[in-house]
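# A closer look at the structure
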Amino acid sequence: MAEKQSLILTLIDKYQSALLDDWLACMARNSPSGGTLRRDGETPEHAKRFLEQLRRSARNQQLDDINAPDWAPMRDLLEEVSRARVTQGFTPSETATFVFSLKEPLFQLLRREIASPGTLADEIWIASRLLDSLGLYTIECHARTREELIGRQQQELLELSTPVVELWDGILALPLIGTLDSARTQIVMESLLERIVDSGAEIAIIDITGVPTVDTLVAQHLIKTISAARLMGADCILSGIRPQIAQTIVHLGLELNVVSKATMADALGLALRRSGRVIVDRAAPKPRQGD
Amino acid sequence: MAEIPILKIGDCLLVSIQVDMHDRLAMALQDDLTQRIVKDRARGVMIDISALEIVDSFIGRMLNNIAAMSRVLDAVTVVVGMRPAVAITLVELGLTLSGVRTALNVDKGLAMIRGIIDRGEQEDDRRGG
Amino acid sequence: MIVEADETMPVRSSDDVVRARQAVRAKAIAAGFSLVDQTKIITAASEIARNTVDYGGGGTMCIQVLRSGQHRGVRLTFRDQGPGISDISLAMQDGYTTGQGLGLGLSGAKRLVNEFSITSTPGQGTEVILARWK
């Protein structure tokens, strides 16, 4: 196929605007949402750019492999189109319809302009294969974009649900609640270290009263975070270790090189003492005159 | 070749590493510091690495060397401003900064140096030195 | 798996090590790495690049940005034609060094990445491949 020049490029060059109109009409007909794709302001613009990019990418007659460098701008365009569709709530099929609905008008064009049946069959095959790859790529982008969106939302939820609290000047507390998984623990620990830098707090209390179990991975993250905090010039106190967790730690043979206190209150007391503070009860009221 | 400036704050020397260091610069810094500690009779050396996005074993070795050398010259070394991403990476890398004290920032670093020097002098006084 | 970017550069001097770090940073950012992931791959690159200069007599580094499904990664291939390493498992031990180093270059770099491979023939050279995925 490489030696024979495909006629597709020539025909698209010649009939671009008619093809564009037919394509948009076809999209409107095929769209399950009854013409939403047509009414959507971006579609005509995207379609126009698609045809222009198709001409550019196909200029070297390499129509087999859309992963090649020639097709990079087209891939970028399809990614942009998918992204727009995802945020508008379109399904993957609806998004791919953008590309697949070009087949009908394009095949009609080929049938009109190509006389020889043999050549026609070849060209339809090339066009079909090309549009299939591009359509499938659009579906992949759609899936990827949706995953990224979900990932971002999860991240935001995570950051909202694990606040680092400043208990006192120079003393931070990180109360962890619920089951920790490796990913969440990492994010939480990184934000603790950032807060240490931002606030200049030299002591961070990590409280795990609300954590039912700890596995090796999570324990290792905890240990690494404590080491990192020390390297930076701060120190950590662990509090609220449940009996089961204490057993797990010993079983796993983990070295918890950190001071641990039974409760956050104890940890706070220690932190205050370490930072040179003393808590005094206010003097009892003076006896009244005449008593 | 650019030099890294060394500032004097009281009886402390402050070095702020701003650039991506290559070997010659690191060697030059160690030499300059040694000379300045003696010349200025410095009791403390503070190395500010808050601008460093990467600390690899080469820089780690340099910091350890500076600490060892200043200890011999009766000065305390404190490294300040380590970024969280750097700290996390160093822990993973397995690099320990032995003999290097760390503090969160320059202020705390100076306070730490002050504290150590004062305690040291108290110890000397106690021993009748 | 798609290779989205591919760049080779010389690693022959300590200035090259600095340039190598900057190049790896640019690719890691392009691959969408978090700050911590960036720091890890750049630090690993710095370790191996130094080894290439100090022990391998200088060589090259090839940086590639990869895409596999939803995941993107950065792969670094270091090659030199130096004396090679006769005992790789010894070289991979923490603290082992034939020079002035801390002995953490190979073992440390391995801990910072997801994929690590090293092949070496004494008298012919060494190749180290590192990859970190997002």
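The structure we're discussing is the one just above.
Summary of the structure given here. (Residues numbered from 1 in each chain as written. Chains lettered and ligands numbered in written order. Predicted model: local features only at pLDDT ≥ 70, side-chain atom pairs only at ≥ 80, totals over all residues.)

## Considering the overall build of chain B
Secondary structure assignment for chain B yields four helices and five strands. For chain B, the α and β elements follow one another from N to C terminus as β-β-α-β-α-β-α-β-α. Taken over the C-alpha trace, chain B has a radius of gyration of 15 Å; the compact-globule value for 129 residues is 14 Å, and the two agree within 12%. Projecting the C-alpha coordinates of chain B onto the three principal axes gives extents of approximately 45 × 30 × 25 Å. By residue count, 42% of the 129 residues in chain B fall in the buried class. Taking the intrachain contacts of chain B between residues at least 6 apart in sequence as the baseline, contacts between residues at least 24 apart amount to 75%. (Helix = DSSP H or I, 4+ residues; strand = E, 2+ residues; numbered from the N terminus. Rg over C-alpha atoms; globule rule 2.2 N^0.38 Å. Buried ≥ 20, exposed ≤ 12 C-beta atoms within 10 Å, placed from the backbone. Contact = placed C-beta atoms within 7 Å.)

## Considering the overall build of chain C
Scanning chain C from terminus to terminus reveals four helices and five strands. When the helices and strands of chain C are read in sequence order from the N terminus, they spell out β-α-α-β-β-α-α-β-β. The C-alpha atoms of chain C give a radius of gyration of 14 Å, which matches the 14 Å a tight globule of 134 residues would have. If you line up chain C on its principal axes, its C-alpha atoms span 40 × 25 × 25 Å. A buried classification covers 40% of the 134 residues belonging to chain C.

## Considerations on the interface of chain C and chain B
Counting from both sides, the interface comprises 22 residues of chain C and, opposite them, 18 residues of chain B. Broken down by secondary-structure element, the contributors of at least two residues to the side of chain C that touches chain B are α1 (14-30), α2 (35-54) and α4 (105-112) of chain C. The element contributing the most residues to the side of chain C that touches chain B is α2 of chain C, with nine residues. Grouping the amino acids of the side of chain C that touches chain B by side-chain chemistry returns eight nonpolar, seven polar and seven charged. (Nonpolar A, V, L, I, M, F, W, Y, C, P; charged D, E, K, R; others polar.)

## Quick look at the nonpolar core
When a protein is soluble and globular, its nonpolar side chains tend to lie buried together. Counting 102 residues, the largest nonpolar core has A204, I205 and M232 of chain A together with A87 of chain B as the members making the most contacts within it. In terms of nonpolar packing, the next biggest core, distinct from the first, is built from 25 residues, A58, L106, L130 and C141 of chain A among them. (Core = buried A, V, L, I, M, F, W, Y, C linked by C-beta atoms within 7 Å.)

## Description of the sheet that holds strand β1 (residues 2-11) of chain C
All names here are of chain C. Strand order in this open sheet of five strands is β1-β2-β3-β5-β4, and the pairing throughout is antiparallel. Bordering the open sheet on either side are β1 and β4 (115-121), each of which pairs with just one other strand. The sheet shows a mean angle of 10° between the axes of neighbouring strands, taken without regard to direction. Together, β1, β2 (59-68) and β3 (71-80) form the strand contacts of α1, whose direction differs from that of β1 by roughly 170°. (Pairing = 2+ DSSP bridges. Axes fitted to C-alpha atoms, helices over the stretch in contact; angles between N-to-C directions.)

## Structural notes on the pairing of strand β3 (residues 203-210) of chain A
Residue and element names in this part refer to chain A. Counting buried positions along β3 gives six out of eight residues, so the element sits mostly inside the fold. Here strand β2 (residues 171-177) runs beside β3; their pairing, made up of six bridges, is parallel. For A173, the partnering residue across the bridge sits in β3 and is I205. In this region the chain leaves β2, passes through helix α8 (residues 182-199) and returns to the parallel neighbour β3; the handedness of that crossover is right-handed. Here β3 pairs with strand β4 (residues 235-239) via five bridges, running parallel. (Right-handed = clockwise from strand over helix to strand, strands pointing away.)

## Points about the sheet that holds strand β1 (residues 6-9) of chain B
Residues and elements named next belong to chain B. Taken in spatial order, the five strands make up an open sheet running β1-β2-β3-β4-β5, and their pairing is mixed. At either end of the open sheet lies a strand with only one pairing partner, and these are β1 and β5 (101-103). For this sheet, the mean angle separating the axes of adjacent strands, direction not counted, is 25°. As defined by bridge partners, strand β3 (residues 44-48) adjoins strand β4 (residues 76-80) across five bridges and the pair is classed as parallel. Looking at β4, one finds that M46 is bridged to V78. Sheet strands touched by helix α1 (residues 23-40): β1, β2 (12-16) and β3. Its angle to β2, the strand with the most contacts, is close to 160°. Each of β2, β3, β4 and β5 is contacted by helix α4 (residues 106-126), which is oriented at about 160° to β4, the strand it contacts most.

## Re unusual backbone geometry
Residue and element names in this part refer to chain B. Despite not being glycine, R41 shows a phi value in the positive range, around 50°. Its place among the elements puts R41 in the loop between α1 and β3. By C-beta crowding, R41 is classed as exposed, having 11 other C-beta atoms within 10 Å. Positive phi, normally seen in glycine, also occurs at D74, with a value near 60°. Mapped onto the fold, D74 is located in the loop between α2 (57-72) and β4.

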